[in-house]
Amino acid sequence: MPRTLLVVHHTPSPLTRELLEAVLDGAHDPEITGVDVRSVPALGATVPDVLGADGFLFGTPANFGYMSGALKHFFDIVYYPCLGAVAGKPYAAWVHGNDDTVGAGRAIEKIASGWGLEKVFGTVHIAESGKPARERCYELGGTVAAGLSI
């Protein structure tokens, strides 16, 4: 039975969409088997999505030093209903922004810690575009998916 990697993201710009696609390409690497990758926009993700997942990737732009309102809304609606049910599951995140991606990453890490998630890849902070950024996102997606396939 395949394991499910839930990718919850807010990708409002062409660049954030490009980074999401790189994450998904990495998670779908042909050498990774037994993992069902589900990509769900933050405003559409639900409690059943979270409860049905074996691992998580969270992606957001940094807005004024914090995660996007859409990703924060996702966490607001699913946090308490999923508390205790996701502890020990792996997660990682990526944050894009020109200013203070650290604050956004820290906020995601605090929520994930409260849930008891296990960080399996350092938060990827991206301030630039281009091939190096896409490669880092590909590696992020591939690493988390490969960990689930074991």
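Residues numbered from 1 in each chain as written. Predicted model: local features only at pLDDT ≥ 70, side-chain atom pairs only at ≥ 80, totals over all residues. Heavy atoms only, no water.

Before going further, it helps to examine the overall build of the protein chain. For the protein chain, the count of helices and strands is five helices and seven strands. Counting from the amino terminus, helix and strand elements in the protein chain follow one another as β-α-β-α-β-β-α-β-α-β-β-α. Relative to its length of 150 residues, the protein chain is compact, with a C-alpha radius of gyration of 14 Å against a globular reference of 15 Å. Principal-axis analysis of the C-alpha atoms places the extent of the protein chain at approximately 40 × 35 × 25 Å. Relative to its full complement of 150 residues, the protein chain shows a buried share of 51%. A separation threshold of at least 6 residues defines the contact pool for the protein chain, and within that pool the share at least 24 residues apart is 81%. For the protein chain, the exposed area adds up to about 6900 Å²; of that, 54% sits on carbon and sulfur atoms. Here the protein chain contributes 11 positively and 16 negatively charged side chains, and the mean placements of these two sets differ by 5 Å. (Helix = DSSP H or I, 4+ residues; strand = E, 2+ residues; numbered from the N terminus. Rg over C-alpha atoms; globule rule 2.2 N^0.38 Å. Buried < 20%, exposed > 50% of the residue type's maximum accessible area, 1.4 Å probe, protein only. Contact = heavy atoms within 4.5 Å. Areas by Shrake-Rupley, 256 points an atom, 1.4 Å probe, with all protein chains shown as cover. Lys, Arg positive; Asp, Glu negative; His and termini not counted. Charge placed at Lys NZ, Arg CZ, Asp CG, Glu CD.)

So, about helix α4 (residues 101-115). The end-to-end C-alpha distance of α4 is 22 Å, a good match for the 21 Å that 15 residues give at a rise of 1.5 Å each. Regarding α4, the residues found buried are T101, G103, A104, G105, A107, I108, I111, A112 and W115. Against the buried residues of α4 lie α2 (47-51), β3 (55-63), β4 (66-67), α3 (69-82), β5 (90-96) and β7 (124-126). G116 lies just past α4 and shows a positive phi near 85 degrees. (Expected span 1.5 Å × (residues − 1).)

Turning our eyes to something else, we now look at the nonpolar core. Buried together is how nonpolar side chains tend to be arranged in soluble globular proteins. Grouped together as the largest cluster of nonpolar side chains are 29 residues, with contacts concentrated most on F58, F74 and W115. Looking at this core, the elements with two or more residues in it are β1 (3-9), β3, α3, β5 and α4. Every residue in contact with W115, bar those within four places of it in the chain, is listed here: V50, F58, F75, V78, Y79, C82, L83, V86 and A87. Grouped together as the second largest cluster of nonpolar side chains are 24 residues, L15, V23, A92 and W94 included. (Core = buried A, V, L, I, M, F, W, Y, C linked by side-chain atoms within 4.5 Å.)

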